[in-house]
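Observations on the model geometry
Letter by letter, the chains look like this.
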Amino acid sequence: QVQLVESGGGLVQAGGSLRLSCVASGRTFSNYVMGWFRQAPGKERGFVAAVSWSGGSTYYSDSVKDRFTVSRDNAKNTVYLQMNSLRPEDTAVYYCAAGSQQYFSSAYITRLGEYDYWGQGTQVTVSS
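All values reported here derive from a predicted model rather than from experimental measurement. (Residues numbered from 1 in each chain as written. Predicted model: local features only at pLDDT ≥ 70, side-chain atom pairs only at ≥ 80, totals over all residues. Heavy atoms only, no water.)

With that settled, the discussion passes to the overall build of the protein chain. Of regular secondary structure, the protein chain possesses one helix and eleven strands. Ordered by position in the sequence, the α and β elements of the protein chain form the string β-β-β-β-β-β-β-β-β-α-β-β. In summary, the protein chain has a C-alpha radius of gyration of 13 Å against a globular reference of 14 Å for 128 residues, a match within 12%. With respect to the principal axes defined by its C-alpha atoms, the protein chain has extents near 40 × 25 × 25 Å. (Helix = DSSP H or I, 4+ residues; strand = E, 2+ residues; numbered from the N terminus. Rg over C-alpha atoms; globule rule 2.2 N^0.38 Å.)

In C-alpha cells, the structure reads:
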C-alpha cells in the first residue's frame, strides 16, 4: 500500500554531514507520520526522528537533537533527514517508516510497532 525507498547514505568522516531522502509511493503521503530509525550492528533498531503529517512538528531522540533535522516535502512525497556533526556512534543502517497515527505524540512515534511501512534501509558509516 505504501512503498518507501531511502537513499543518501554513505561513508563520511566524523564531523561531516549527510542528507538522507525517503521517497514514498502508493498511498496519500500527507496522511502519514514519517519516522527515521536506525540499527547499528548488534543493537536493536531505535528511534531517531519523526515529522508530523504537515511537517509542522518534529521530534528527535536525545542522541541526535541539535545535530539532525527531519523535514518533509509532501508535494514531492519525500521525507529528509539532514545529519550534521556526525559521530562514529551514528554509524548504522537508517530506515524510514510511515505510520497512520492519529496524534503526533512521543508515546507512539518512537515505537517501531506504531509504523506500518518500512523502507529497505541505507547504510551510514562515520569514520573517526
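Time to look at the sheet that holds strand S7 (residues 68-73). One open sheet holds the four strands; their spatial order is S1-S3-S8-S7, and the pairing between them is antiparallel. For this open sheet the edge positions go to strand S1 (3-7) and S7, each flanked by a neighbour on one side alone. With strand direction ignored, the average angle separating the axes of adjacent strands in the sheet is 15 degrees. Pairing of S1 with strand S3 (residues 18-25), which is carried by five bridges, proceeds in the antiparallel orientation. In the sheet register, Ser-7 faces S3, and the bridge partner there is Ser-21. (Pairing = 2+ DSSP bridges. Axes fitted to C-alpha atoms, helices over the stretch in contact; angles between N-to-C directions.)

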